[in-house]
Amino acid sequence: MSKYSKQDILKIVEQEDVEFIRLQFTDIFGTLKNVAITASQLEKALNNQCMFDGSTIEGFVRIEESDMFLYPDLDTFVIFPWRPQQGKVARIICDVYNADGTPFAGDSRYVLKRQIEEADKMGYRFFVGPECEFFLFHQDENGQPTTITHEKAGYFDLGPVDLGENARRDMVLTLEEMGFEIERSHHEIAPAQHEIDFRYDEALAAADNIMTFKLAVRTIAKRHGMFASFMPKPRQDANGSGMHINMSLYQGERNIFDDPEGELGLSGEAYCFIGGIMKHAKGLALITNPLVNSYKRFVPGYEAPMHIAWSTTNRSPLVRIPATRGEGTRVELRSPDPAANPYLALAACLAAGLDGIRNHILPPERVQDNLFEMSEADRRSKGIEFIPQNLHEAVEEFKRDSLIREALGENISGKYIEAKEREWMNYRSRVTPWEIEEYLYKI
């Protein structure tokens, strides 16, 4: 059942003195966009009559087919707590449609909806719990971001050592005011690194929440004179930021991954879902880790998983099954980072898992040893492979994985490959300060 009707939203806007409404959508690279309207134009927007120029959005359409429409999802209406109490600002997340009234194939939210429909045909509901990490850095005198921090806090430290504690508290309170159920928040391993975890939800709501979460965190950080960065690896001497994705499938109110009689308390569907994720792990990487910088995170000594394996007892493999059983039974994919477009990442993960269930793909034997300490010979004997080690490898693996490409659709897959190949070539052409320092005096 819908949370809001059109009349509900019009009434709230009038009663709460909302003057501006931001109609939000996400481009294929995970960047949040919006068209702002005044309250006088809201009824028109709620009738799906808000048009915008899609040719100006990277990865969308050509200039000769640029007229696109925003269809608001009424249940995503929320008033921003950080805006003025008079003349408030609200937002509604929108789907993107073509001028002929058909869903736009390049809308990443539509891509996730399509995969959710595939799960629904099989009788499943897809639930996701993300774990989002980020850094809080200083800004320079012009308000521009830096990678500077003066704190030395570590895992689970608290104030006064944790200099971001007050900002993180305000983020939690703001998110709760926006309807989030925050389960925990804490300082992470690296100095200035933080994590805020919110309750799992159905996949579409979870992806919407990730986008809202990032906006709220950045906004509150700026209020505290800080800059919140979701860059995967902003400092070479510290752990990078991940966005672990915890996944469950439900039938009705029952978590079908749970089976008290099954080995390790897991059902056959859970094992096959793991098998599907592992089969497509290389093809998933471009979507879950979409930047050149994403692969700087996958180096020894910084805990990010590099090996295609699964475990129940340690955090070194790509896939982990946390100890909780019953309704909390879940599959945790540990490789994604917060630069990922959450709609595409969840769609790709769901497609991989469903492929495992459809085709009864069982995972290899679980690995309980610390993979970071295992010798190359031992890993090879167990058939343990690496995920792609750079963006170029990820693009090539994505090209080879027809299932993941089909899940995202020809429109997005083609534009994504083109953009990421361009990004890789741009990166390859740069001469870095490290190269100058390392080679200039020697050659």
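Cut-offs used in this document
Residues numbered from 1 in each chain as written. Predicted model: local features only at pLDDT ≥ 70, side-chain atom pairs only at ≥ 80, totals over all residues. Heavy atoms only, no water. Helix = DSSP H or I, 4+ residues; strand = E, 2+ residues; numbered from the N terminus. Buried < 20%, exposed > 50% of the residue type's maximum accessible area, 1.4 Å probe, protein only. Contact = heavy atoms within 4.5 Å. Areas by Shrake-Rupley, 256 points an atom, 1.4 Å probe, with all protein chains shown as cover. Salt bridge = Lys/Arg side-chain N within 4 Å of Asp/Glu carboxyl O. Axes fitted to C-alpha atoms, helices over the stretch in contact; angles between N-to-C directions. Parallel < 35°, antiparallel > 145°, perpendicular 65-115°, else oblique. Left-handed = near helix turned anticlockwise from the far one by under 90°. Nonpolar A, V, L, I, M, F, W, Y, C, P; charged D, E, K, R; others polar.

A. Representation of the overall build of the protein. Assigned secondary structure in the protein consists of 13 helices and 16 strands. With the C-alpha coordinates of the protein rotated into their principal frame, the extents come out at 70 × 55 × 50 Å. Each of the 443 residues in the protein was classed as buried or not, and the buried ones make up 53%. When contacts within the protein are restricted to residue pairs at least 6 apart in sequence, those whose partners lie at least 24 apart make up 70%. When the accessible area of the protein is evaluated, it comes to approximately 20500 Å², of which 48% is carbon and sulfur surface.

B. Highlighting the pattern of salt bridges. Applying the stated rule across the entire model yields 25 salt bridges. The partner of Arg 169 in a salt bridge is Asp 170, with the nearest N and O atoms 3.9 Å apart. For Asp 170, a relative accessible area of 25% gives the class partly exposed. Note that Glu 181 is salt-bridged to Arg 199, the shortest N-O span being 3.7 Å. Placement of the pair is Glu 181 in the loop between helix H4 (165–177) and strand S8 (182–187) and Arg 199 in the loop between strand S9 (193–198) and strand S10 (201–202), with a sequence separation of 18 residues. Assessed through its relative accessible area of 48%, Glu 181 is described here as partly exposed. Overall, Arg 199 belongs to the partly exposed group, its relative accessible area being 35%. Counted as one network, the salt bridges with shared partners bring together Asp 73, Asp 95, Arg 109, Lys 113 and Asp 208.

C. Structural context of the packing of helix H3 (residues 108–121) against helix H8 (residues 342–358). As a packed pair, H3 and H8 sit with axes 8 Å apart at the nearest point and diverge in direction by 20 degrees. By the angle class used here, H3 and H8 are roughly parallel. Our pair here, H3 against H8, has a crossing hand that is left-handed. Together, Ser 108, Arg 109, Val 111, Leu 112, Gln 115, Ile 116, Glu 118 and Ala 119 of H3 and Tyr 343, Leu 344, Leu 346, Ala 347, Leu 350, Ala 351, Leu 354 and Arg 358 of H8 make up the contact between the two elements. Per-class residue counts for the contact of H3 with H8 are eleven nonpolar, two polar and three charged.

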